[in-house]
Amino acid sequence: MNKYIGIVGTNTQRSTNRQLLQFMERHYQDQAEIELVEVAGLPMFNKPADRVIPGRAAEIGKKIDESDGVIISTPEYDHAVPAVLMNALEWLSYGIHPFLDKPVMIIGASFGSLGTSRAQAHLRQMLDAPELGARIMPSSEYLLGHVLEAFDKDGNLNDQGRIDRLDALFADFEEFVKISKELWHTTEYDKQEISKLDKTDFGSN
């Protein structure tokens, strides 16, 4: 059974994106272990010269590093991911690189009909940066729109079509994770390249 980290990409206390991950945690408990991780509470990224990162960021990085894959659920603010998620990714690409070659599935929930499509595209672009280097599952958007009507009183998705779509994507992600474990030939090279970035002086930026 694979172990996944589900990143709640918001600091909103009553987040429907957290609710979506909680549903997945329950719904797939017989297929995989999903541990939810909050990114709220990290200090604002300030590029410390000594490259010492906050303990909480190091803890999140360790969880990601030890997992088989990551599921990120993001809201959409102004066509982009929330600042709190961007901030977390900055810390997780500065001196530590737990996303390197890590399989990632992106999902999102929103009040409107587009279901965070633009934020998911933004997140894909960020995760593809050399400092992160994640393996993002292709053609896999899960766009949960009109989210205030999407869950029943028990926090479960109330539309079978939406559940079927999520089931299909999760099955694909499990297969993607399996395939990714065989794509190890460039891993050492990738680590060397990202190590060079760590040694670069960005102090003048």
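The structure we're discussing is the one just above.
Just so you know, these numbers come straight off a predicted model, no measurement behind them. (Residues numbered from 1 in each chain as written. Predicted model: local features only at pLDDT ≥ 70, side-chain atom pairs only at ≥ 80, totals over all residues. Heavy atoms only, no water.)

> I'd like a description of the overall build of the chain, backed by residues and values.
Across its full length, the chain carries six helices and six strands. In the chain, the succession of α and β elements from N to C terminus is β-α-β-α-β-α-β-α-β-β-α-α. Here the C-alpha radius of gyration of the chain, 17 Å, is about what a compact globule of 205 residues would show, namely 17 Å. On the principal axes, the C-alpha backbone points of the chain span a range of 50 × 35 × 25 Å. (Helix = DSSP H or I, 4+ residues; strand = E, 2+ residues; numbered from the N terminus. Rg over C-alpha atoms; globule rule 2.2 N^0.38 Å.)

> Give a detailed account of the packing of aromatic side chains, specifying residues and quantitative values.
Note on aromatic pairs: each is described by the distance of the centres and the angle between the planes. Using the criterion set out here, one finds five aromatic pairs in the structure. Centre to centre, the rings of F45 and W91 are 4.9 Å apart; their planes meet at 80 degrees, and the pair counts as edge-to-face. Separated by 46 residues along the polypeptide, F45 in the loop between β2 (32-38) and α2 (55-66) and W91 in helix α3 (residues 83-91) bring together distant segments of the chain. Among the aromatic residues, those joined into a ring-pair cluster are Y4, Y28, F170 and F173. Positioned over the ring face of Y94 is R51, at 4.5 Å from the centre of the ring. (Phe/Tyr/Trp six-rings, centres within 6.5 Å; stacked < 30°, edge-to-face > 60°. Lys NZ or Arg CZ within 6 Å of the ring centre and 35° of its normal.)

> An account of the environment of P48 is needed here, citing residue identities and associated values.
Structurally, the position occupied by P48 is in the loop between β2 and α2. With a relative accessible area of 15%, P48 lands in the buried category. Between the C-alpha atoms of P48 and Y94, which are 46 residues apart in sequence, the distance is 9.3 Å. In contact with P48, other than residues within four places in its own chain, are W91 and Y94. (Buried < 20%, exposed > 50% of the residue type's maximum accessible area, 1.4 Å probe, protein only. Contact = heavy atoms within 4.5 Å.)

> Could you give an account of helix α5 (residues 160-180), with specific residues and numbers?
The end-to-end C-alpha distance of α5, which contains 21 residues, comes to 30 Å, matching closely the 30 Å that a straight helix rising 1.5 Å per residue would cover. Turning to α5, its buried residues are I163, L166, L169, F170, F173, E174, F176, V177 and S180. Buried residues of α5, seen end-on, are gathered within an arc of 160 degrees and therefore sit on one face of the element. Put simply, D159 is the residue that caps the front of α5, since its side-chain oxygen is 3.0 Å from the backbone nitrogen of G161. (Expected span 1.5 Å × (residues − 1). Arc of directions from axis to C-beta. Polar contact = N/O pair within 3.5 Å; in protein donor to acceptor, adjacent residues only side chain to side chain.)

> Quick rundown of α3? Include the residues and the values.
Residues three or four positions apart in an α-helix share a direction because the helix packs 3.6 residues into each turn. When we look at burial in α3, the residues that qualify are V84, L85, N87, A88, L89 and W91. Looking at the buried side of α3, the elements it contacts are β1 (2-8), α2, β3 (69-73) and α4 (117-127).

> Got a sec to walk through the nonpolar core? Specific residues and values, please.
In this structure, I7, I72, F99 and L127 are the most contacted members of the largest nonpolar core, which totals 30 residues. The contacts of F99, once residues within four sequence positions are left out, are I7, I64, V70, I72, L89, L92, V104, L127, L132, G133 and A134. One finds Y142, L144, L169 and F170 within the second-largest nonpolar core, a separate group that totals 27 residues. (Core = buried A, V, L, I, M, F, W, Y, C linked by side-chain atoms within 4.5 Å.)

> Outline the packing of helix α1 (residues 16-27) against α5, supporting the account with residue identities and numerical values.
In the contact formed by α1 and α5, the axes pass within 12 Å of each other and the chain directions differ by 70 degrees. By the angle between their axes, α1 is roughly perpendicular relative to α5. Seen from α1, the contacting residues are L20, F23, M24 and H27; seen from α5, they are I163, L166, D167 and F170. The residue inventory of the contact of α1 with α5, partitioned by class, reads six nonpolar, one polar and one charged. (Axes fitted to C-alpha atoms, helices over the stretch in contact; angles between N-to-C directions. Parallel < 35°, antiparallel > 145°, perpendicular 65-115°, else oblique. Nonpolar A, V, L, I, M, F, W, Y, C, P; charged D, E, K, R; others polar.)

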